[in-house]
Amino acid sequence: MSIIEDKLKELGLQLQAAKPSVANYLGCKRSGELLFASGRVSELRGEVGTDVTEEEAKVAARDTVLLILAIIKQDIGSLDLIQDVIKMQGFIRSSANFTRQPYVLDGASDLLVQLFGMNGQHARTATGINQLPFGASVQLDIILQLKSITT
Amino acid sequence: MSIIEDKLKELGLQLQAAKPSVANYLGCKRSGELLFASGRVSELRGEVGTDVTEEEAKVAARDTVLLILAIIKQDIGSLDLIQDVIKMQGFIRSSANFTRQPYVLDGASDLLVQLFGMNGQHARTATGINQLPFGASVQLDIILQLKSITT
Amino acid sequence: MSIIEDKLKELGLQLQAAKPSVANYLGCKRSGELLFASGRVSELRGEVGTDVTEEEAKVAARDTVLLILAIIKQDIGSLDLIQDVIKMQGFIRSSANFTRQPYVLDGASDLLVQLFGMNGQHARTATGINQLPFGASVQLDIILQLKSITT
């Protein structure tokens, strides 16, 4: 059994099947112990501050982490091979006046810390954006470090 | 002869002379076997969805890869020293309603896979953006891994 | 005494106390010798090209480097442990017609080169953006390499 998937279950969450890439890219790519996950957009569509609320976008940020974890599991076999979350870039599709991107992104960061503990704490950048693929509200990309036994 | 430049020739493409940086930055910088290429903008100007079409932007994305490869060749001596394409960030200058950024970015990804085969497959993030340097339509930045013999 | 802080003093600049993160993220996170600093926004608010000038934003970019260096010093103990500046991503909150992001970002790059010499030269990407946390004018995130004696 996977320790991380058990923790997801305890939180009342679960991984869906990994979604295939919509274009010519990999779900993630490895360089040494670093794993670069491709950017994924939320299933939630709409501009934060007009079409959708901050709270809805925060939940969407959390759920986008689940989409990325599903892909990583498919590619490397188990989420238990993740040693550390290193860096997250979050783009929040923002109305002209919406400036609370860090609070939206906490939806993603909180889950990573719940799952991976202190190793899940990470550097990150929360940025507004005017448009995202398919009109999504949130886009995340994450750099992880794998356990060295997997090298 | 360069294997990669031969493949470019077969595709009917060729490298131009590397363009100097327009401000105080390097064309690329190395850390161990990772090579971080600076973001480069397309020669194509204009907003995708209004001023320019998706198809024009896709060609511009491909041509921006050529600009980056010219700089890398100048800096490290040969494109044959590239082991893997790891990660690409693509910013597509998008009108309010343009949401097909992944398809534009395939112009860049397709060329990298044609040149480097399976090693050219990469993680990436395709993001809309409201404005880019000089009003360009596309901006790419790429992380590569070099062959270990070059360390 | 710190060599880098001495250089700051010569330039008439100094580090302030590191500001705590406004949400659930670390100031920086390390992976091997790479140090990923979280994105930080300038204290300057407003859109470049309308609310604030290019020159004001350039100074703000420089000052944002000081905010990041204060956090790094707090986290790793001394700025003298920095070996190389590898990559910078700069988001410049830009009006519809402002396209001189590279010149704004030189405010940050110039300071890094003044402080770290040739090792301070770096790859970077200068991107426009429609909105940033708290309405800031500039956001920087930086990847550094630490000296190997610190591994």
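Above this note sits the structure.
Since we're looking at a predicted model, the values are computed, not measured. (Residues numbered from 1 in each chain as written. Chains lettered and ligands numbered in written order. Predicted model: local features only at pLDDT ≥ 70, side-chain atom pairs only at ≥ 80, totals over all residues.)

## Digging into the relation of the copies chain B and chain A
Step number 1: Note on the copies: chain B fits chain A at an RMSD of 0.0 Å, the axial shift is 0.0 Å, and the rotation between them is 120°. On the angle and the small slide along the axis, the relation comes out as a three-fold axis. (Least-squares fit on C-alpha atoms with pLDDT ≥ 70 in both.)

## Remarks on the interface of chain B and chain A
Step number 1: Residue-level contacts link 27 residues of chain B with 22 residues of chain A.
Step number 2: Elements supplying a minimum of two residues to the side of chain B that touches chain A: β4 (82-93), α3 (101-116) and β5 (123-129) of chain B.
Step number 3: The dominant element in the side of chain B that touches chain A, judged by the number of residues it contributes, is α3(B), at eight residues.
Step number 4: Considered class by class, the residues forming the side of chain B that touches chain A number 11 nonpolar, 11 polar and five charged. (Contact = placed C-beta atoms within 7 Å. Helix = DSSP H or I, 4+ residues; strand = E, 2+ residues; numbered from the N terminus. Nonpolar A, V, L, I, M, F, W, Y, C, P; charged D, E, K, R; others polar.)

## Digging into the relation of the copies chain A and chain C
Step number 1: Laying chain A over chain C is done by rotating through 120° and shifting 0.0 Å along the axis; what remains is an RMSD of 0.0 Å.
Step number 2: Comparing interface residues between copies, only 7% of those in chain A also lie at the interface in chain C; the contact surfaces differ.

## Quick word on the interface of chain A and chain C
One frequent convention defines the size of an interface as the accessible area lost when the parts assemble.
Step number 1: Taken together, the 27 residues of chain A in the interface contact 22 residues of chain C.
Step number 2: At the level of elements, β4 (82-93), α3 (101-116) and β5 (123-129) of chain A are the ones that each hand at least two residues to the side of chain A that touches chain C.
Step number 3: If one sorts the elements of the side of chain A that touches chain C by residue count, α3(A) sits on top with eight residues.
Step number 4: Residues that form the side of chain A that touches chain C fall into these classes: 11 nonpolar, 11 polar and five charged.

## Things to note about the packing of helix α2 (residues 54-76) of chain B against α3(B)
The geometry of a pair of packed helices is captured by two quantities: the angle between their axes and the separation between those axes.
Residues and elements named next belong to chain B.
Step number 1: Here α2 crosses α3 at 35°, and the two axes come no closer than 7 Å. Along this stretch, α2 crosses α3, giving a crossing that reads as right-handed. Across the interface between the two elements, Glu54, Ala57, Lys58, Val59, Ala61, Arg62, Thr64 and Val65 of α2 pack against Tyr103, Val104, Leu105, Asp106, Gly107, Ala108, Leu111 and Leu112 of α3.
Step number 2: For the contact of α2 with α3, a count of residues per class yields 10 nonpolar, two polar and four charged. (Axes fitted to C-alpha atoms, helices over the stretch in contact; angles between N-to-C directions. Left-handed = near helix turned anticlockwise from the far one by under 90°.)

## Points about the nonpolar core
Step number 1: Among the nonpolar cores identified, the biggest contains 132 residues, and A:Ala37, A:Val138, B:Ala37, B:Val138, C:Ala37 and C:Val138 are the most heavily contacted of them.
Step number 2: When neighbours within four sequence positions are excluded, B:Val138 is seen to be in contact with B:Val41, B:Ser42, B:Leu44, B:Ala57, B:Ala60, B:Ala61, B:Thr64, B:Gly90, B:Ile92 and B:Val104. (Core = buried A, V, L, I, M, F, W, Y, C linked by C-beta atoms within 7 Å. Buried ≥ 20, exposed ≤ 12 C-beta atoms within 10 Å, placed from the backbone.)

## Some details on the environment of C:Ile143
Residue and element names in this part refer to chain C.
Step number 1: The residue isoleucine 143 is located in strand β6 (residues 138-146) in this model.
Step number 2: Separated by 139 residues in sequence, isoleucine 143 and isoleucine 4 have C-alpha atoms that sit 18 Å apart.
Step number 3: In this view, isoleucine 143 contacts Leu34, Phe36, Ile86 and Lys87; residues no more than four positions away in its chain are not counted.

## Description of the pairing of strand β2 (residues 34-37) of chain C
Residue and element names in this part refer to chain C.
Step number 1: On β2, burial covers both faces: Leu34 and Phe36 on one face and Leu35 and Ala37 on the other are all buried.
Step number 2: With four bridges connecting them, strand β1 (residues 28-31) and β2 associate as antiparallel partners. Among the inter-strand pairings, serine 31 is bridged to a residue of β2, identified as leucine 34.
Step number 3: Where β1 hands over to β2, the hairpin turn is made up of two residues, of which glycine 32 adopts a positive phi near 60°.
Step number 4: Note: β2 against β6, three bridges, orientation antiparallel. Among the inter-strand pairings, leucine 35 is bridged to a residue of β6, identified as leucine 144. (Pairing = 2+ DSSP bridges.)

## Re the pairing of β4(A)
Residue and element names in this part refer to chain A.
Step number 1: Across the 12 residues that make up β4, a large majority, 11, are buried.
Step number 2: Relative to strand β6 (residues 138-146), β4 runs antiparallel, the two being bridged by nine bridges. Looking across to β6, one finds that aspartate 84 is bridged to glutamine 145.
Step number 3: Here β4 pairs with β5 via seven bridges, running parallel. Of the residues in β5, the one forming a bridge with methionine 88 is arginine 124.
Step number 4: What joins β4 to β5 is α3, and the crossover it makes is right-handed. (Right-handed = clockwise from strand over helix to strand, strands pointing away.)

## Observations concerning the environment of B:Asn24
Step number 1: When you line up the elements, B:Asn24 lands in the loop between α1 (3-10) and β1 (28-31).
Step number 2: B:Asn24 gets classed as buried once you count the C-beta atoms within 10 Å, which come to 20.
Step number 3: Setting aside anything within four residues of it in sequence, one finds B:Asn24 in contact with C:Asp106, C:Ser109, C:Asp110 and C:Val113.

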